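# Tertiary structure, described
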Amino acid sequence: MPNRLELTGITKQFPGVLANDHVSFAVKPGEIHALLGENGAGKSTLVKMIYGIMQPDAGEIRWNGEPVVVANPKAARKLGIGMVFQHFSLFEALTVLENIALGMDAKIPSRELESRIREVMETYGLALDPHRTVATLSVGERQRIEIVRALLLNPQLLIMDEPTSVLTPQEVEQLFTVLRKLAAEGCSILYISHKLHEIKALCDTATILRGGKLVDTCDPKQETSRSMAEKMIGAGLKDIVKAEGRTFGPPKLVVNKLSTIKTGHFDVAVDNVSFTVRAGEILGVAGVAGNGQNALLDALSGELIGDDREAITIDGFGIGLMNTTERRRRGLCAVPEERNGHAAVGDFSLSDNSVLTARDRLGMVVLGLINSGAAKTYTGKVIADFAVKALGPASTAGSLSGGNLQKYIMGREILQKPTVLVVSQPTWGVDAGAAAAIHQALVDLAAAGSAIVVISQDLDELRALCDTLAVINMGRLSAARPVKEFSVEEIGLLMGGVHGSMETA
Amino acid sequence: MDLTIAILVTVVGASTPILIAALGELVVERSGVLNLGVEGMMLLGAIAGFVVQFHTGNHYLALLCGAAAGMAASLIFGFLTLSLSANQTATGLALTIFGTGFSALAGASYSARPVALMSPIFPDLATHPVLRVLFGYSFPAYFALFMVFAIWFFLKKTRAGLILRAVGENDLSAHSIGYSVIQVRYFAVMFGGAMAGVAGACFPLTLTPQWAEGMTAGRGWIAVALVVFASWRPFRLLGGAYLFGLVMTMELYAKAGGGPLSAIPSELWAALPYIATIAVLVLISLRRDASTNAPACLGKPFMPSN
Ligand SMILES: Nc1ncnc2c1ncn2[C@@H]1O[C@H](COP(=O)(O)OP(=O)(O)O)[C@@H](O)[C@H]1O
Ligand SMILES: [Mg+2]
């Protein structure tokens with residue numbers, strides 16, 4: 001049987017970047033094939049050429065053994081190639097049905113289309129109401145639209161570009177069930193992700209790209225996450241360097257009986273939370289998403305202002321009633337989970353984004369006028385120190401890929417040398433090499449005497465990074481203890497809400 | 001009674017050009033393009049329609065040529081904003097200035113030369129004292145009503161309409177699915193230009209049977225505003241256009257010294273459509289769903305990443 005898809009010498013040049021450099025690999029029928037690589041390795045570019053959104057400068061694409069030119073996405077769909085995009089190409093103001101109809105090339109009466117959609121949803125266990133407006137749907141539901149849309153065409157190859165970066169663990173599990181079922185029916189899947197444990201759980205083969213070049217094709221089940229990460233970054237993965245036997249200084253951030261009020265329907269409020277972080281200490285907050293992490297971050301950053309001045313203190317000074325700007329002046333910087341639109345303004349230049357959070361601490365505003373030279377210099381330093389792939393301080397935040405924006409935001413806060421830094425998901429969507437760099441920068445910041453709170457769902461990250469750990473569940477925080485004293489099982493139990501005697505320990 | 005009938009007939013006549021122009025602009029904006037050149041395209045349509053009517057005496061040919069003139073002007077706009085990604089607001093304003101100037105130049109030798117108005121399409125019923133409310137109009141009034149329904153049907157029920165809405169909602173996504181954003185927008189802009197041209201031609205052909213400089217008198221701007229008030233929905237546009245027509249007719253009657261209406265100075269009546277414009281704008285912005293109904297890509301040039 002011929003290969004479903006075979007690429008030979010695919011090359012794509014952008015101004016200044018060779019995005020793909022003679023990439024060759026093959027995907028067999030029914031195979032789940034991973035495409036791995038750091039941010040900017042050229043994965044999205046490669047699949048866009050397979051789907052006909054871009055044309056390769058050189059190289060050949062063979063489809064079921066035959067050489068083809070995929071002129072546009074329509075031609076791709078005609079061949080039997082479906083794609084689910086990294087950024088969903090949905091129309092918010094239109095209904096699910098209208099969105100799917102737009103993706104169909106043949107004109108199908110809407111009643112017939114609806115019954116076919118229901119059939120696909122039934123077969124693969126994808127629940128959706130066809131008449132809902134997309135604007136009202138969750139991210140997971142939106143992705144389901146894309147998947148249904150692709151499946152309606154009975155594809156022989158389904159391309160998924162980082163499908164899980166926005167999903168909850170439960171949604172990821174559901175997605176994998178669908179993908180395995182599809183593969184069993186003979187549909188090939190080309191799966192792009194950063195998450196190596198997902199690749200190991202799901203994929204039969206992995207092709208690794210680095211700087212546009214193919215570096216290896218391997219069997220992920222035979223590899224360790226570490227060995228694949230090292231192939232991606234082309235060097236040994238650096239372990240976090242922590243001085244042994246560090247001692248902590250005096251308490252910097254003291255949180256005492258902090259509670260918030262529920263703001264939205266889906267929010268979980270923080271309930272009577274107390275903890276202390278000392279100079280030089282990194283406190284990890286573990287927990288399943290949606291257990292009050294957002295409220296905790298907002299309450300600490302000053303986006304949610306409480307009514308007790310002493311509920312949060314820095315160096316003994318009560319900041320509970322201060323807003324974000326005043327808290328920043330006092331030395332507390334925070335990085336929310338959502339990068340674009342919350343931690344950064346997409347349409348602003350990186351330089352202007354730096355002014356937004358660093359203006360007071362670094363004197364970027366003098367007599368109400370922005371010192372754009374200072375902002376530019378500082379942004380340039382962030383870009384250089386954190387290896388942000390951007391043209392320069394003048395690039396807009398929205399033009400950066402997710403991982404690069406995350407590096408910029410982390411760098412912007414860390415280089416301000418805050419007394420207290422609170423971060424949520426510091427390495428979300430960032431590749432292994434960059435994640436290691438961010439971890440090291442956090443450890444170095446702590447070593448210089450800052451107190452750090454890391455809120456994350458990634459247990460491996462927390463165990464490697466933190467000195468002490470606490471678990472949040474339904475808005476309540478367990479007592480913080482040295483991370484070494486926790487077993488994985490114990491953390492799991494705490495995350496599931498079994499507090500037991502731990503709370504008083 | 002007679003006065004009421006007379007007023008209603010005048011209202012429909014005065015509303016028709018606004019409605020036609022606004023319907024065109026509605027389609028343009030639904031595709032994500034903001035063309036502020038409606039007033040200019042109307043004036044070009046008006047002069048073209050007048051000149052053709054003056055020389056041939058054929059009203060339908062005159063309307064058609066008005067449409068062609070508006071469409072030609074919209075093609076310039078389309079080329080600048082769609083092919084060259086020029087700023088839509090600035091280009092639209094320039095188009096209005098161009099249309100005003102060019103029509104004045106072309107019409108300089110035609111001023112104060114009367115032509116015949118279009119006759120009603122049901123001549124027998126048009127003289128009936130009551131039924132003329134329904135049957136007393138010439139072709140454009142019925143054309144406008146038909147287009148309200150046709151555009152509603154097109155946008156809501158046809159695949160082409162769905163694609164047009166999709167392009168206005170999220171141009172990058174439409175592009176990535178494989179629709180030609182620029183092509184769809186060209187069609188929309190040309191349709192809008194043709195409608196504005198017809199609307200302009202209505203002035204010398206159905207309202208005042210001669211050419212006068214700037215004879216559309218800002219109605220193109222009211223059409224643009226109406227699209228927003230109607231939150232981009234054709235049937236609301238119909239109601240809005242007749243409402244504005246009513247207010248403008250009141251002004252005419254007040255000027256003519258028609259009974260109780262003249263208690264309010266005619267200058268105030270003249271200002272009323274614009275005051276109403278502001279009032280409606282405020283009301284609309286207080287209501288959430290109307291403002292969120294705006295096409296998400298309205299006014300933004302399409303810049304695909306490759
Ligand atoms: N349309 C484009 N124009 C110019 N450069 C691009 C474009 N798309 C991607 N690139 C560049 O090509 C490289 C590969 O990008 P991409 O394929 O998106 O990487 P990945 O998906 O692996 O993160 C990056 O350096 C990126 O900046
Ligand atoms: Mg990508």
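Residues numbered from 1 in each chain as written. Chains lettered and ligands numbered in written order. Predicted model: local features only at pLDDT ≥ 70, side-chain atom pairs only at ≥ 80, totals over all residues. Heavy atoms only, no water.

### Focus on the overall build of chain A
Test applied: Numbering of helices and strands runs from the N terminus; a helix is a DSSP stretch of H or I covering at least four residues, while a strand is a stretch of E covering at least two. Each radius of gyration reported is based on C-alpha atoms, and the globular scaling rule is 2.2 Å times the count of residues to the power 0.38. Only protein chains enter the accessibility calculation, which uses a 1.4 Å probe. A residue is then buried if its area is under 20% of the maximum for its type, exposed if over 50%, and partly exposed in between. Contacts were defined at the residue level, with two residues in contact if any of their heavy atoms lie within 4.5 Å. To measure how exposed things are, a 1.4 Å probe is used in the Shrake-Rupley method; for residues, cover is taken only from the protein chains shown. We score Asp and Glu as negative and Lys and Arg as positive, and we do not count His or the chain ends. Taken as the charge centre is NZ of Lys, CZ of Arg, CG of Asp or CD of Glu, depending on the residue.
When helices and strands are counted, chain A shows 16 helices and 23 strands. Here the C-alpha atoms of chain A give a radius of gyration of 24 Å, agreeing with the 23 Å that 2.2 N^0.38 yields for 505 residues. A principal-axis box enclosing the C-alpha atoms of chain A has dimensions of 70 × 45 × 45 Å. Among the 505 residues that make up chain A, the fraction classed as buried is 53%. In chain A, the share of contacts with a sequence separation of at least 24, taken over all contacts with a separation of at least 6, comes to 65%. Here chain A has roughly 21400 Å² of accessible surface; of this, 53% comes from carbon and sulfur atoms. The positive charge centre, built from 51 side chains, and the negative charge centre, built from 57, are 3 Å apart in chain A.

### Digging into the pairing of strand β16 (residues 332-335) of chain A
All names here are of chain A. Quick reminder of the rule: Note on pairing: DSSP must find at least two bridges between two strands before they are called paired.
Neither face of β16 is left uncovered, since the one carrying Leu332 and Ala334 and the one carrying Cys333 and Val335 both have all their residues buried. As paired elements, β16 and strand β19 (residues 420-424) share 4 bridges and run parallel to each other. When the bridges of β19 are listed, Leu332 appears paired with Val420.

### Observations regarding the interface of chain B and chain A
To keep things clear, this is the line we draw: Accessible area that two parts lose when put together, with a 1.4 Å probe and added across both, is what the buried area reports. Each salt bridge in this description consists of a side-chain nitrogen of Lys or Arg and a carboxyl oxygen of Asp or Glu lying within 4 Å of one another.
The interface of chain B with chain A comprises 14 residues on the first partner and 22 residues on the second. Here chain B meets chain A over a buried area of about 1400 Å², counting both sides, of which 62% is carbon and sulfur. Contact with chain A buries surface across chain B, with Arg159, Leu162 and Ile177 of chain B losing the most and accounting together for 39% of the total. Summed over the shared surface of chain B and chain A, the result is 1 salt bridge. Among the ionic pairs, Glu98 of chain A bridges to Arg165 of chain B, the shortest N-O distance being 3.0 Å.

### Focus: the pairing of strand β7 (residues 157-161) of chain A
By the criterion of burial, β7 of chain A is predominantly enclosed, with 5 of the 5 residues buried. Both faces of β7 of chain A are covered, namely the face carrying Leu157, Ile159 and Asp161 of chain A and the face carrying Leu158 and Met160 of chain A.

### Regarding empty space enclosed by the protein
Stated formally: The method works on a 1 Å grid over the protein atoms by themselves. A cavity is a set of points holding a 1.4 Å probe that cannot get out, a pocket is an open set with protein on both sides within 12 Å along at least five of seven lines, and residues with an atom within 4 Å of a point line them. Grid points are joined across faces, edges and corners, and a volume is the space filled by probe spheres set on the points. Under the scheme applied, nonpolar residues are Ala, Val, Leu, Ile, Met, Phe, Trp, Tyr, Cys and Pro; charged residues are Asp, Glu, Lys and Arg; polar residues are all the others, including Gly.
The final tally for this structure, using the stated rule, is 1 cavity of 30 Å³ or more. In this structure, the largest cavity is lined by 13 residues; those nearest its centre are Tyr51, Arg77, Met83, Gly103 and Arg149 of chain A. Elements supplying a minimum of two residues to the lining of the largest cavity: β6 (81-84) and α5 (139-151) of chain A together with α8 (171-177) of chain B. Tallying contributions element by element places α5 of chain A first for the lining of the largest cavity, with 3 residues. In terms of residue class, the lining of the largest cavity is built from 6 nonpolar, 4 polar and 3 charged.

### As for the site of ligand 1
We apply this condition: For this purpose, a residue is taken to be near a molecule or strand whenever a single non-hydrogen atom of the residue falls within 4 Å of it. Think of a polar contact as two N or O atoms within 3.5 Å of one another; within protein, one of them needs to be a possible hydrogen donor and the other a possible acceptor, and neighboring residues in sequence only count if both atoms come from side chains.
Gly40, Gly42, Lys43, Ser44 and Thr45 of chain A are the nearest of the 12 residues found near ligand 1. Ligand 1 sits at a junction of chains, with neighbouring residues supplied by chains A and B. Here Gly40 of chain A contributes a backbone N or O atom positioned 2.7 Å from an oxygen atom of ligand 1. In the complex, the protein chains occlude 72% of the 560 Å² of accessible area that ligand 1 would expose alone. Listed by contribution, the elements that provide at least two residues to the shell around ligand 1 are β2 (17-27) and α1 (43-50) of chain A. Classifying every residue of the shell around ligand 1 by side-chain character gives 4 nonpolar, 6 polar and 2 charged.

### Section: the pattern of salt bridges
As enumerated under the stated definition, the model contains 20 salt bridges over all chains in all. Salt bridges linked by common partners bring Asp216, Glu223 and Lys231 of chain A together as one network.

### So, the sheet that holds strand β12 (residues 273-278) of chain A
All names here are of chain A. Formally: Every axis corresponds to a line fitted to the C-alpha atoms, with the helix fit spanning only the stretch in contact, and the corresponding angles, defined between N-to-C directions, vary from 0 to 180 degrees.
Taken in spatial order, the 4 strands make up an open sheet running β12-β11-β14-β15, and their pairing is antiparallel. Because the sheet does not close on itself, it has two edges, and the strands there are β12 and β15 (317-318). Looking at chain direction, strand β11 (residues 251-258) and strand β14 (residues 312-314) are connected through 3 bridges and run antiparallel. Across the sheet, Val254 pairs through a bridge with Thr313, a residue of β14. Running at roughly 120° to β11, helix α9 (residues 293-301) makes contact with β11, β12 and β14 of the sheet.

### Examining the sheet that holds strand β1 (residues 5-14) of chain A
Residues and elements named next belong to chain A. An order of β2-β1-β4-β5 is seen for the 4 strands of this open sheet, with the pairing classed as antiparallel. Single-partner strands in this sheet number two, and they are β2 and β5 (66-68). Going from strand to strand, the sheet's axes swing by 30° on average, the running direction of each strand aside. Bridging between strand β4 (residues 58-63) and β5 involves 3 bridges; their strand directions are antiparallel. Paired with Trp63 across the strands is Glu66, a residue of β5.

### Topic: the packing of aromatic side chains
Counted only if it meets this: In this scheme Phe, Tyr and Trp rings, the latter by its six-membered ring, pair at centre separations within 6.5 Å, and the angle between planes marks the pair as stacked below 30 degrees, edge-to-face above 60, and tilted otherwise. We call a charge positioned above a ring when the Lys NZ or Arg CZ atom is no farther than 6 Å from the ring centre and deviates by at most 35 degrees from the ring normal.
Taken as a whole, this structure holds 14 aromatic pairs over all chains when the rule is applied. A ring pair is formed by Phe229 of chain B and Phe244 of chain B, whose centres lie 6.0 Å apart and whose planes are at 15°; its orientation type is stacked. In this pair, Phe229 of chain B sits in helix α10 (residues 219-229) while Phe244 of chain B sits in helix α11 (residues 234-255), placing the two residues 15 residues apart along the sequence. Taken as a pair, Phe229 of chain B and Phe244 of chain B share a single burial class, namely buried. Of the aromatic side chains, those joined through ring pairs into one cluster are Phe122, Phe135, Tyr137 and Tyr142 of chain B. Sitting over the ring of Phe317 of chain A, Arg330 of chain A keeps its end group 3.6 Å from the ring centre. One cation-aromatic arrangement involves Arg481 of chain A over Phe486 of chain A; the distance from NZ or CZ to the ring centre is 4.5 Å.

### Some words on the state of the cysteines
Heads up, the condition is: By convention in this document, the label disulfide applies to cysteine sulfur atom pairs within 2.5 Å.
Per the counting criterion, the structure on display carries 0 disulfides over all chains. Free cysteine Cys333 of chain A: the closest other cysteine sulfur is in Cys466 of chain A, separated by 18 Å.

### Examining the environment of Glu146 of chain A
When you line up the elements, Glu146 of chain A lands in helix α5. Along the chain, Glu146 of chain A and Ile100 of chain A lie 46 residues apart, while their C-alpha atoms are 7.8 Å from each other.

### What to know about the domain arrangement of chain A
Residues and elements named next belong to chain A. To be explicit about the condition: The split into domains, and so the bounds of each, comes from an automatic or database assignment of domains.
Once the domains are mapped, chain A shows domain 1 (5-233) and domain 2 (251-341 + 419-495). Using C-alpha coordinates to define each centre, domain 1 is positioned 35 Å away from domain 2. Taken residue by residue, the interface counts 8 residues in domain 1 and 7 residues in domain 2. With both chains or domains summed, domain 1 and domain 2 bury close to 620 Å², and 61% of this area falls on carbon and sulfur atoms. The interface formed by domain 1 and domain 2 holds 0 salt bridges in total. Put simply, domain 1 and domain 2 have 0 residue pairs in polar contact (both at pLDDT 80 or more) between them. The residue inventory of the side of domain 1 that touches domain 2, partitioned by class, reads 4 nonpolar, 3 polar and 1 charged.

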